[in-house]
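This is what each chain is made of:
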Amino acid sequence: MHPNDFMAEYVVPAAEAWKANQQSKHLAVHALSQIDILAEVVAHHIGRKPRPFRDDLGQRYPALAKIRDAHDSHKHGQLDRHNALFVSHGQRPDETLGHAFFVGVTHLSGPLTPFTFLALMLNDGSNEKVYTLIKDGMDAWELEMSALGI
């Protein structure tokens, strides 16, 4: 399958389905997985072995390295892959509480308004917003596919 076809048939619909229901853990995992699977499709299309290609991608685009780790960690739990630097302890997206100013909701002199969002806990204990991973992953693929002339 051509990478553009895979992007149109699987990656974009998965990301759009998650955007329509951003609290859905299974849709978040599905979107992240499809973004990661695209690496194998592209590697085969350009005649490269998937593992070294994915290693190279992760060096250029940290978001794709995190997405790869998240996808593998979701599938396999604890990872022993030496380059699983970001997510390797079986972490999956989970609800996290944040606080922010919302126009028309938060009073100017009051406390920030609490809200929940999905995040992935990285190995260092920090949280990465699923929205950020998906957006940065899609942006990275746009750059990579353009650079490859796909």
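Fair warning: this is a prediction, and the values are worked out from it, not measured in the lab.

(A) Spatial organisation of the overall build of the chain. Within the chain one finds five helices and three strands. Starting at the N terminus, the α and β elements of the chain follow one another as α-α-α-α-β-β-β-α. Classification of the 150 residues of the chain by burial places 44% in the buried group. For the chain, long-range pairs separated by at least 24 residues make up 52% of all intrachain contacts whose partners lie at least 6 apart in sequence.

(B) The sheet that holds strand S3 (residues 127-129), seen in detail. Read from one edge of the open sheet, three strands run S1-S2-S3, paired in antiparallel fashion. Two strands in the sheet have a free side with no partner beyond their single neighbour: strand S1 (94-100) and S3. Averaged over all pairs of adjacent strands, the angle between their axes in this sheet comes to 60 degrees, without regard to strand direction. Judged from the seven bridges that link them, S1 and strand S2 (residues 113-121) form a sheet pairing that is antiparallel. Counted as the bridge partner of Ala100 is Thr113 from S2. Along the sheet, helix H5 (residues 130-147) contacts S2 and S3; its crossing angle with S3, the most-contacted strand, is approximately 60 degrees.

Cut-offs and rules
Residues numbered from 1 in each chain as written. Predicted model: local features only at pLDDT ≥ 70, side-chain atom pairs only at ≥ 80, totals over all residues. Heavy atoms only, no water. Helix = DSSP H or I, 4+ residues; strand = E, 2+ residues; numbered from the N terminus. Buried < 20%, exposed > 50% of the residue type's maximum accessible area, 1.4 Å probe, protein only. Contact = heavy atoms within 4.5 Å. Pairing = 2+ DSSP bridges. Axes fitted to C-alpha atoms, helices over the stretch in contact; angles between N-to-C directions.

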